[in-house]
Amino acid sequence: MSRVARRARVLLAVRAPLPGGEPAVGHGGDAEAPRRRFGNLAGQSALFSVALSAAGIAIWAWALSDVPLDRMNDLGLVSVLPPSALVGAGLVVMGFVAALVPERPHPAVMTFQAVVVVLVLYGTTSILEPTTRFAATYRHAGIIDYISIHGSVDPNIDAYFNWPGFFAGGALLVRLAGVHNALALTGWASPIFELLYLPPILVILRSATRDERLVWGSVGMFYLMNWVDQDYFSPQACAFLLYLAVLAILLRWFATPDRPDAIDAAGAMVRRALHRGAFPRPAELGRPRDVLQVGLMAVVILASFAIVASHQLTPFALLVTVAALVIARRCSAPLLPVLLALLTAAWGVYAAQEFLSGNLHLLSRQVGNVDSSLQSNVSARAQGSFDHRLIVDLRLAASLGLWLLAAAGALIRRRQGYRDWAMLAPAGAPFILIGLQSYGGEVLLRVFLFGLPFMAFFAASALLGSGRRSILRLIGAPALVPLLVVLFFACRYGNERTDYFTPREATAAQRFYELVPRGSMALAATQNLPWRYVYYDGYDYRGIADQDIWTRALRRRDASAYLLREVEAELRAAPSTPYLVFSRAAVTYADTFEGGGGTMLRLERAVERSPAFRVVYRNRDAAIYTIRPAPGTG
Amino acid sequence: MVRPLAWPGSVIAATVVLADMYATQVHSPIRAALAALWIALCPGLSLAWLLGAREAVPRLAVGSALSIGLTIAIATAMVYTRWSPWAGLGLLAMIALTCSLIELVAVARAAAA
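Let me sum up the structure you'll find in this document. Not measured: the values here are computed from a predicted model.

### What to know about the pattern of salt bridges
Residue and element names in this part refer to chain A.
- Inspection of the entire model under this criterion finds 20 salt bridges over all chains.
- In this structure, Arg584 and Glu505 form a salt bridge, with 3.1 Å as the shortest nitrogen-oxygen distance. Residue Arg584 is found in helix α27 (residues 584-593), and its partner Glu505 is found in helix α24 (residues 503-515); the two are separated by 79 residues along the sequence.
- You can call Arg584 partly exposed: its relative accessible area is 22%.
- Where Glu568 meets Arg572, a salt bridge forms, and the shortest distance between an N and an O atom there is 3.2 Å. Of this pair, Glu568 and Arg572 are both found in helix α26 (residues 559-572), 4 residues apart, which corresponds to roughly one turn of the helix.
- Under the relative-accessibility criterion, Arg572 is labelled partly exposed at 32%.
- Overlapping salt bridges, with partners in common, bring together Arg133, Asp229, Asp231, Arg492 and Glu496 in one network.

### Observations regarding the sheet that holds strand β3 (residues 579-583) of chain A
Residues and elements named next belong to chain A.
- In space, the 5 strands of this open sheet follow the order β2-β1-β3-β5-β4, with mixed pairing throughout. Two strands in the sheet have a free side with no partner beyond their single neighbour: β2 (540-543) and β4 (613-618). The sheet shows a mean angle of 25° between the axes of neighbouring strands, direction not considered.
- Taken together, the 5 bridges between β4 and strand β5 (residues 622-627) define a ladder with antiparallel strand orientation. What sits directly across from Arg618, in β5, is Ala623.
- Those strands touched by α24 are β1 (521-524), β2, β3, β4 and β5, and its axis lies near 115° from that of β4.
- Each of β1, β2, β3, β4 and β5 is contacted by α26, which is oriented at about 165° to β1, the strand it contacts most.

### Some words on the interface of chain B and chain A
- Across the boundary between the two partners, chain B contributes 39 residues, which contact 45 residues of chain A.
- Note on chain B versus chain A: buried area summed over both sides is about 3,300 Å², and carbon and sulfur give 81% of it.
- The three residues of chain B that bury the most area against chain A are Leu51, Ile72 and Trp83 of chain B, which together make up 18% of that side's buried surface.
- Between the two partners, chain B and chain A, sit 1 salt bridge.
- Among the salt bridges present, the one from Glu55 of chain B reaches Arg252 of chain A, with a minimum N-O distance of 3.1 Å.

Criteria and cut-off values
- Residues numbered from 1 in each chain as written.
- Chains lettered and ligands numbered in written order.
- Predicted model: local features only at pLDDT ≥ 70, side-chain atom pairs only at ≥ 80, totals over all residues.
- Heavy atoms only, no water.
- Salt bridge = Lys/Arg side-chain N within 4 Å of Asp/Glu carboxyl O.
- Helix = DSSP H or I, 4+ residues; strand = E, 2+ residues; numbered from the N terminus.
- Buried < 20%, exposed > 50% of the residue type's maximum accessible area, 1.4 Å probe, protein only.
- Pairing = 2+ DSSP bridges.
- Axes fitted to C-alpha atoms, helices over the stretch in contact; angles between N-to-C directions.
- Contact = heavy atoms within 4.5 Å.
- Buried area = accessible area lost by both parts, 1.4 Å probe.

Remember that the coordinates give geometry; whether it matters functionally is a separate question.
Take a look at the structure:
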């Protein structure tokens, strides 16, 4: 074994902390010797970790210079990413792990490492892809555009307009940034949101442990396991940041220490009151700590209002999590869950009335229907090609693996004497959401996201735990890190074939708005298109795969012929000139996620051949058609 | 002395630069990046300090929640009443500047004492 390899082995063999996070100190002899060794090790590991990360970034950046995105298959980004990009990313994560070697990792080094890890894991698509990813991002930009133009919302347009907080804030940002459209601000949203998550996560973790290795290990785990891709320019990304901040404030400034039960506490309070008089003295009322707590509670309420005004699901996640903290007696604001419930209900009654009055029966039918929720979240997603099903299986395995590891970590910490209710309650509470809503088949993703910082803490506890229980010591970072990095890229970017839009698709969307008159009906294969970033309410946007004809077609042998007839009939029934739009991502989405299995592609070819349709615009990845007048109608 | 002044100083500098770019209609990627960072952090950073979040990490956590929370609350209120981006951004800038000046004075006084 070479000297360098021996050195790397020594540095990557993570040393176990003592319970409570206190540094291990040698016994007898020269008392300064362990400290000197520790100092040397800390300095060496910092240098080594920075060198690893620098090498990793160089390899990763070089590898990204030539990635054939056009050749992506249903495995997503990993199908075209050069192995050297994964090696580079792996080295960066190894650098992060190497920086964890000292018992007290240097905060500046760890911050640098965390920033680099975020850049590599979450900035890859920002660097690689010339267009903004996710159809939803374009829609969000469109709603911001609508608010910028009209200065108000129309709750009848769709559900987004009933929770406009994020979009209204976005409209202010667009004005301040001096850009024409919010799309210009979306390219780097994921890494920026992930970096904004770092401070509240650190506050949360430091409220649970003084062991800095465990704190930063949990941060690393969070970033390596956050595959759910909900950090794009969206209300969810923003609401999750506020959710973390609220929990950070509650766990740091409103935490209740271990104490005797309520009866003892009440008795003590009565005794104090009898001793000092029934009412607190003015000096006590004016204590700085109380004033600050009132101020911080105002921040919690403000952030909660912003969550309630911006997103449908996060208020419920916050409500159940805060309620769990109060029930576990780890939050000294027992009325906060009541206030959150009132805020959420008030918003539903006054601002989201239009949406809820039309959909309340559908939403209430899902409450308690766990089977249906799990079916739409798990079984319904495991369809499509073999490659896509492999990605879905990997995601399930990654999620279950993390939860199992977290359970092991929680048990280990319990046996070490830690009472982690302040972390266990928020880790488990989001699971209640499964019983409330399927959230369009996405509730399991959100449950994973809301619990992730806390699950990451327990999982890191299992990996970095003391003595023989340290899984990281058993398996070794060099074996575990590459596995987690590949798993991250496969899971997070597994849908990239449909999340990514080629420049030709973006050009087609631009040409659509130049060529198609406002008010026209626009029927697309699916809504997975880079459109609606302007004129959000300017067209009658429809998707073939959103309609009953699609479900009926999939049950027939002549699916594409049937669809061709139905689409033609729908277009002919339109009051003004209708348009039909196909694009690579929209067609792939229908065939992969909507059970098409090639039906939409066959429909597109049938439309190409049909004399009933006329091409308005076409490039290699997208086409816009209109319908010719029916024979005999002049 | 320099380090405690760096926080409010940065907020004031960013606010002034952005206000100047806004007023003179400068359109550049730098303005876009600065605006995104400003909205995410600046209005709440000094307010967080006034509320007792004085270490860097808790300050960033509370500051970002305050900044984004204030932006969304003000913008939402305007959407349901009267939309005026100029007034909304002016209010945010005023909060940022006032709190930063208070922090600046408090830090300077503490140093002098």
